[in-house]
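# Structural overview
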Amino acid sequence: MTDQAAGTPVVLHRGQEAYIASLAAMRDYTDARTAASDDQLWIVEHPSVYTLGLGADPSHVLDAHGIPVVQTDRGGEVTFHGPGQAVIYLLMDLKRRRRDARLFAREFVHAIEQAVIDTLAAYNLPGERRAGAPGIYIAEGAWTGAKIAALGLKIRGNGCTYHGVSLNVSMDLAPFGWINPCGYAGLATVDMKTLGVDAPLADVQQALARQLTDRLKG
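Residues numbered from 1 in each chain as written. Predicted model: local features only at pLDDT ≥ 70, side-chain atom pairs only at ≥ 80, totals over all residues. Heavy atoms only, no water.

## Some details on helix α3 (residues 201-216)
What counts is decided by this rule: Only runs of H or I of at least four residues qualify as helices and only runs of E of at least two qualify as strands under DSSP, and these elements are numbered from the N terminus. One less than the residue count of a helix, multiplied by 1.5 Å, gives the span that helix is expected to have. Note on exposure labels: buried denotes an accessible area under 20% of the residue type's maximum, exposed denotes more than 50%, and partly exposed covers the range between, all computed with a 1.4 Å probe on protein chains only.
The end-to-end C-alpha distance of α3, which contains 16 residues, comes to 22 Å, matching closely the 22 Å that a straight helix rising 1.5 Å per residue would cover. Among the residues making up α3, those that are buried are Leu-201, Val-204, Gln-205, Ala-207, Leu-208, Ala-209, Leu-212, Thr-213 and Leu-216.

See the structure below:
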């Protein structure tokens, strides 16, 4: 731990890890935080799992096909995590001063979304926000409107955050068809490979982490 009030988030590579192990570790780290605790970005890849937000309707899991379904404490509805997806968890203290002011929830979400948009742009993929529908969607072409990145956060009353963002890189997309992604029936979901970008997962993980770090550093 360091005095990181004006510092840069520490990026940790956790490799392939079961979702429930990541969830427990995020909670434990957040429970133990002090004013001197590092802000951290955790890069992880999960085996196949469906996760439900606090207010999620379990009926949006149409047929799990044997994939585990885990109740979480993040916001949002149901989503799918699996191999070939870049997942970054953000363990941040929003009450710390960053540049000229503390970071508020809306600005935090905006920064995460912009990091995804700029990561996609580096691979010549057009991403956009959609009002009332958290995440990033494809803005042009045959896959216009398809979701490529999901966002779900937990922000505690003391300003400390966990959970984060997932970007579909090169996945088996079939499990998205077995749910109503983020609660939307029939929502198309796509990955970078389907859009013609055959990039190694590790490269995209690093690119997204760099974009997030740039926006969230002190």
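Anyway, onward from the coordinates.
## Describing the sheet that holds strand β10 (residues 136-138)
Put simply, the test is: We call two strands paired when DSSP finds no fewer than two bridges between them. Here, two residues are considered to be in contact whenever any of their heavy atoms come within 4.5 Å of each other. Note on geometry: axes are lines fitted to C-alpha atoms, helical ones only across the stretch in contact, with angles between N-to-C directions running from 0 to 180 degrees.
Spatially, β1-β2-β6-β12-β11-β10-β9 is the arrangement adopted by the seven strands of the open sheet, whose pairing is mixed. Looking at the sheet topology across the chains shown, the edges are occupied by β1 (10-16) and β9 (127-128). As paired elements, strand β6 (residues 85-91) and strand β12 (residues 161-168) share five bridges and run antiparallel to each other. Pairing of Ile-88 across the sheet is with Val-165, part of β12. Contacting β1, β2 (40-45), β6 and β12, helix α1 (residues 19-31) runs over the sheet at an angle of about 145° to β12. Against the sheet, α3 makes contact with β1, β2, β6 and β12, and its axis sits at roughly 30° relative to β6, the strand it touches most.

## Considerations on unusual backbone geometry
Not every positive phi belongs to a glycine, and His-65 is a case in point at roughly 50°. Counting through the fold element by element, His-65 comes out in the loop between β3 (49-52) and β4 (69-71). In this structure His-65 comes out as partly exposed when scored by relative accessible area, which is 46%. Of note, Cys-182 is a non-glycine position whose phi angle comes to about 55°, a positive value. Within the fold, Cys-182 resides in the loop between β12 and α3.

## Remarks on the environment of Ile-88
Relative to the assigned elements, Ile-88 resides in strand β6. Take Ile-88: its relative accessible area is 0%, and that puts it in the buried class. Residues Ile-88 and Leu-12 lie 76 residues apart in sequence; the distance between their C-alpha atoms is 9.5 Å. In contact with Ile-88, other than residues within four places in its own chain, are Leu-41, Trp-42, Ile-43, His-163, Gly-164, Val-165, Gln-205, Leu-208, Ala-209 and Leu-212.

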